Amino acid sequence: MPTRTYDVIVIGTGAGGGMAIKTLCDAGLKVCALNSGRRLDPAKDFRNHRYSYDLKYRGFGDPRKRDQYYHVENEYTAGLWEHGIAYTVAPGSEWEWPRCHAVGGKTNFWGRSAARMGDIDFKAGSRDGSGPDWPVSYREIAPYYSRAERMIGVASTVQNRPSNPDGDYLPPMKLRCLDYILQVGCGKLGIPYLPDRLAQLTAPHEGHPACHYCGNCGEGCDIGAFFSTPWFFLPLAEKTGNLELRTNAVVRSVLVDSDTGRASGVAYVERDGKREVEVYGRAVVVAASTVESARILLNSKSRQYPNGLANSSGQVGRNLCDHLYGDTGWGYLPQLLGQPSFPDNVSASQVVWMPRWQNLNDPHEEKFVRGYSIYPTGGCGEFPWYAENLEGFGADLKRNIKRYYPTPVAFYCQIPSLASAANYVDIDPEVKDIYGIPAARLHFQWGPNEILMWEHARQVSRDVIKASGGEFWGAGDKPNTPGYSLHETGTCRMGDDPKNFVTNRFGQTHDVPNLYVGDASVFLNCSDKTTTLSILAFTLRSSEHLIENLRQGAT
Ligand SMILES: Cc1cc2nc3c(=O)[nH]c(=O)nc-3n(C[C@H](O)[C@H](O)[C@H](O)COP(=O)(O)OP(=O)(O)OC[C@H]3O[C@@H](n4cnc5c(N)ncnc54)[C@H](O)[C@@H]3O)c2cc1C
Ligand code: SF4
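Below, the structure is looked at part by part. (Residues numbered from 1 in each chain as written. Chains lettered and ligands numbered in written order. Predicted model: local features only at pLDDT ≥ 70, side-chain atom pairs only at ≥ 80, totals over all residues.)

1. Section: the site of ligand 2
No. 1: Close to ligand 2 lie Gln 200, Cys 211, His 212, Tyr 213, Cys 214, Gly 215, Asn 216, Cys 217, Cys 221, Ile 223, Ala 225 and Phe 226, which account for all nearby residues.
No. 2: Of the residues assigned to the shell around ligand 2, the class counts are eight nonpolar, four polar and no charged. (Near = placed C-beta within 6 Å. Nonpolar A, V, L, I, M, F, W, Y, C, P; charged D, E, K, R; others polar.)

2. Structural notes on unusual backbone geometry
With glycine set apart, most residues show a phi of negative sign, and most peptide bonds adopt trans.
No. 1: In this structure, the amide linkage connecting Tyr 405 to the following residue, Pro 406, adopts the cis form with an omega of 0 degrees.
No. 2: By secondary structure assignment, the location of Pro 406 is in the loop between α10 (394-404) and β13 (408-416).
No. 3: Within the chain, Arg 58 stands out as a residue other than glycine whose phi angle is a positive 55 degrees.
No. 4: Relative to the elements of secondary structure, Arg 58 occurs in the loop between α2 (42-45) and β3 (87-89).
No. 5: Even without being glycine, Leu 486 reaches a positive phi, approximately 65 degrees.
No. 6: Relative to the assigned elements, Leu 486 resides in the loop between β16 (471-474) and β17 (515-517). (Helix = DSSP H or I, 4+ residues; strand = E, 2+ residues; numbered from the N terminus.)

3. Focus: the pairing of strand β1 (residues 5-11)
Regular strands place side chains that alternate from one sheet face to the opposite one.
No. 1: Of all seven residues that make up β1, five are buried, and the element is covered over most of its length.
No. 2: With six bridges joining them, β1 and strand β8 (residues 276-286) adopt parallel strand pairing. Following the sheet pairing, Thr 5 is matched in β8 by Tyr 280.
No. 3: Of the strand pairs in this sheet, β1 and strand β2 (residues 31-34) are connected by four bridges, and their pairing is parallel. Following the sheet pairing, Ile 9 is matched in β2 by Cys 32. (Buried ≥ 20, exposed ≤ 12 C-beta atoms within 10 Å, placed from the backbone. Pairing = 2+ DSSP bridges.)

4. A few points about the environment of Ser 543
No. 1: Assignment of secondary structure puts Ser 543 in helix α12 (residues 532-552).
No. 2: Exposure remark for Ser 543: the 28 C-beta atoms within 10 Å place this residue in the buried category.
No. 3: Not counting residues within four places of it along the chain, the set of residues in contact with Ser 543 comprises Met 19, Ala 20, Thr 23 and Leu 24. (Contact = placed C-beta atoms within 7 Å.)

5. Some details on the site of ligand 1
No. 1: If you check the shell around ligand 1, you find 39 residues, and the closest are Gly 12, Gly 14, Gly 105, Gly 111 and Thr 530.
No. 2: Every element with two or more residues in the shell around ligand 1 is listed here: α1 (15-26), β6 (249-256), α9 (290-298) and α12.
No. 3: A class-by-class count of the residues in the shell around ligand 1 yields 16 nonpolar, 19 polar and four charged.

6. Things to note about the environment of Leu 55
No. 1: Its place among the elements puts Leu 55 in the loop between α2 and β3.
No. 2: Note: C-alpha distance between Leu 55 and Thr 491 (436 residues apart in sequence) is 40 Å.

7. A word on the nonpolar core
In summary, soluble globular proteins display a tendency toward joint burial of nonpolar side chains.
No. 1: Of all hydrophobic cores here, the largest spans 141 residues; its most connected members are Ile 11, Ile 21 and Val 31.
No. 2: No other element matches α12, which puts seven residues into this core.
No. 3: When residues no more than four places from it in sequence are discounted, the contact partners of Ile 11 are Gly 17, Leu 34, Val 251, Val 266, Val 285, Val 286, Ala 287, Ala 288 and Ile 296. (Core = buried A, V, L, I, M, F, W, Y, C linked by C-beta atoms within 7 Å.)

8. Overview of the packing of helix α6 (residues 177-189) against helix α11 (residues 448-467)
No. 1: α11 packs onto α6 with a crossing angle of 115 degrees between their chain directions and a minimal axis gap of 8 Å. Viewed along their axes, α6 and α11 adopt a mutual orientation that is roughly perpendicular. The interaxial crossing formed by α6 with α11 has right-handed handedness. Contacts between α6 and α11 involve Leu 182, Gly 185, Cys 186, Lys 188 and Leu 189 from the first element and Asp 463, Val 464 and Ala 467 from the second. (Axes fitted to C-alpha atoms, helices over the stretch in contact; angles between N-to-C directions. Parallel < 35°, antiparallel > 145°, perpendicular 65-115°, else oblique. Left-handed = near helix turned anticlockwise from the far one by under 90°.)

9. A look at the packing of α1 against α12
No. 1: At a minimum axis separation of 8 Å, α1 and α12 run at an interaxial angle of 35 degrees. The interaxial crossing formed by α1 with α12 has right-handed handedness. Of α12, the residues touching α1 (which contributes Ala 15, Gly 16, Met 19, Ala 20, Thr 23 and Leu 24) are Thr 532, Ile 535, Leu 536, Thr 539, Leu 540, Ser 543, Glu 544 and Ile 547.

10. Description of the sheet that holds strand β14 (residues 424-432)
No. 1: What the three strands build is an open sheet, ordered β3-β15-β14; its pairing is mixed. Taken across any chain shown, the strands that pair with only one partner, and hence form the sheet edges, are β3 and β14. The sheet shows a mean angle of 35 degrees between the axes of neighbouring strands, taken without regard to direction.
No. 2: Note that β3 and strand β15 (residues 438-443) share three bridges and pair parallel. Paired with Tyr 87 across the bridge in β15 is Ala 440.
No. 3: Contacts from α9 reach β14 and β15 within the one sheet, and its direction differs from that of β14 by about 60 degrees.

As C-alpha cells, this is what we get:
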C-alpha cells in the first residue's frame with residue numbers, strides 16, 4: 001500500500017493545536033493531528049456534579065497519593081493529568097509542570113481569563129530596555145484577536161485602559177457583593193477594579209449553551225459552556241471530513257528529508273504497546289505547548305541538524321518565561337457579616353481583575369520594570385477555603401467558619417517574568433521517559449524584577465483590604481513554585497533575524513520553511529495578561545500563512 005502523505009501534521013490539540021487544526025481543515029487541507037493522550041468523555045471524566053461528601057476522600061483524593069498530585073489535581077480530576085512522562089529539574093532550579101495530555105490539553109480545565117496583549121507588551125523592550133521587541137504590532141494582530149474572540153466567546157466590558165486593549169465581548173459576569181466593596185477600596189487607591197475578560201459564556205454563543213453557573217469549571221464543563229478545543233474547534237474540524245486524529249500518539253521527533261533538509265513527517269510512539277510509528281506530511285505544525293514543543297525540536301536531531309531542528313540560532317528552549325503566582329493577601333469584609341449566602345456559584349470563575357496600573361506613563365515609575373495584575377477572589381463557594389486560616393477545633397471551628405461565610409476575600413498576583421539567560425529548557429542527557437524519549441530538563445528561578453513586583457503586590461493587597469474597610473489576615477510568605485501558573489511562554493521566540501530567533505513573525509521556522517510553531521513558544525515573554533487568547537490569535541495568523549504558502553507551493 002503506498003504511504004499516505006497528509007497536507008499538514010499538527011502535534012497537539014490544545015489551544016494552539018486546536019486552532020491550527022480547525023483553520024487548516026476549514027481551508028480544505030488534509031490534516032493528521034497527533035495527541036499524546038486519549039479523548040475524554042465529559043459524562044464520565046468530568047465528575048464535577050458530585051458532592052464532595054459523596055466521594056471517598058471528600059474530593060481531596062487518596063492521602064497516600066495526594067503528595068504526588070499537581071496543585072491543579074484532586075479527587076475529581078485524578079487520572080486526567082499526565083504523570084507517566086518524566087521531566088527533570090536542574091539543581092538550583094524549581095519547576096512544577098502539570099500537563100493534561102488528553103485531547104484538548106489544558107483547555108479542558110483552564111481558568112478562562114482571556115485578555116488581549118497590546119503594544120505596551122509587544123514593544124516593551126524598546127520602552128524599558130529589557131530585551132527585544134516582538135516583531136508584530138498590536139495593529140497587525142488586532143483583527144486576529146477579534147476573530148478568536150468571536151469564535152470562543154469572551155465576556156467582559158469595554159474598559160478603555162491604556163494597557164489592556166478592548167475586544168468584542170459578550171455581557172460581563174455580574175459583580176458579587178464583595179466586588180462592590182473592594183471596588184470602592186481600590187478607587188480610593190487609584191487602582192482599577194473591573195470585570196475580567198472571561199471565555200465563559202454569559203449568553204448562548206455559536207451554538208454553545210450559556211453557562212448555568214454550576215460552579216466547578218476547574219473539573220471540566222460537561223455542557224461546553226466555556227471554550228475548550230474538544231467542545232469548540234475539534235467537532236468543526238471533524239465535520240469537514242479533513243481531519244484524522246490519532247490519540248495516544250506520543251511524539252518523539254519531527255522527521256527530516258535528508259536531501260532537502262525539510263520536514264517530512266513525524267515519528268511517534270503508541271502509548272499502548274509502545275509501537276514506533278512514522279507519519280508523513282507536506283508541512284508540520286508543532287503545538288505541543290511551550291516546554292514540550294522545545295523538547296520535540298531539541299530531540300529532532302539529524303545529520304543536517306545536530307543541535308536539534310530549527311535551532312541554528314541556538315535559541316530553541318531559551319527564554320522560558322512564566323507568571324509568578326502567589327497569595328498576596330487575604331482577609332475579610334465585616335460589612336458582609338451575617339449576610340445570607342446565595343448560590344452565586346461564580347467563585348470558581350475569574351469574575352474581576354485589577355489590570356496593570358503600574359509603569360503606564362513612565363516605564364521606570366516603579367522600582368521594577370513592566371507591570372502585573374491581581375485577581376481578587378471570594379464569594380459563595382461550595383468549600384470555605386478560608387477555614388485553614390481560622391483557629392479553633394471541632395464545633396467551635398465549624399461555628400467560626402459559618403460566622404465568616406461569605407465575608408473572606410483573597411488576592412493572587414499575575415507577575416510576568418523577564419526573559420533571562422538562566423531560564424531555559426534543554427534535554428537531560430541521563431533521563432528518558434517510559435517511551436524511551438529523552439526527557440526535558442527545566443532550569444528556572446524567579447529574578448529580582450519579579451520579586452520586587454511580588455513585594456509590591458503584597459503591600460497593595462493589604463492596602464486594598466484596609467481601604468475597603470476589611471480586616472487583613474495575612475499573605476503568602478513566598479511565591480508559588482515556577483510552573484504553577486501553567487502560563488509558560490518562550491522557547492522558540494519569533495523575530496526577523498534568523499541568527500537570533502527561531503521563527504519569523506508568522507511562526508514559520510527560519511531554518512525549515514515547512515515547519516511552523518503554533519503555541520506560546522513563539523512569544524518573546526509573558527506580560528500581565530494570560531496567554532491563551534494570544535496563542536489563539538497568533539496561531540490563527542500562522543495557520544493562514546501556512547495555508548497561503550501551501551497554495552503557492554512556497555513551503
Ligand atoms: C487550571 C488552569 C488554569 C488556567 N488558567 C488560564 C487562564 O485563566 N487564562 C489563560 O489564558 N490560560 C490559562 N491556563 C493555561 C492554558 O490552559 C494554556 O495557555 C493553553 O491550554 C496552552 O495551549 P497549548 O496548545 O500551548 O498547550 P496545551 O493546552 O497544554 O495542549 C498541548 C497538547 O499537546 C499534546 N502533546 C504534548 N506533548 C505531546 C507529544 N510529545 N506528542 C503528542 N502530543 C503532545 C497534549 O496532549 C495536548 O493536547 C490555565 C491552565 C490550567 C490547567
Ligand atoms: S459554571 Fe458554567 S462553565 Fe463552569 S462548569 Fe458549570 S456550566 Fe460549565
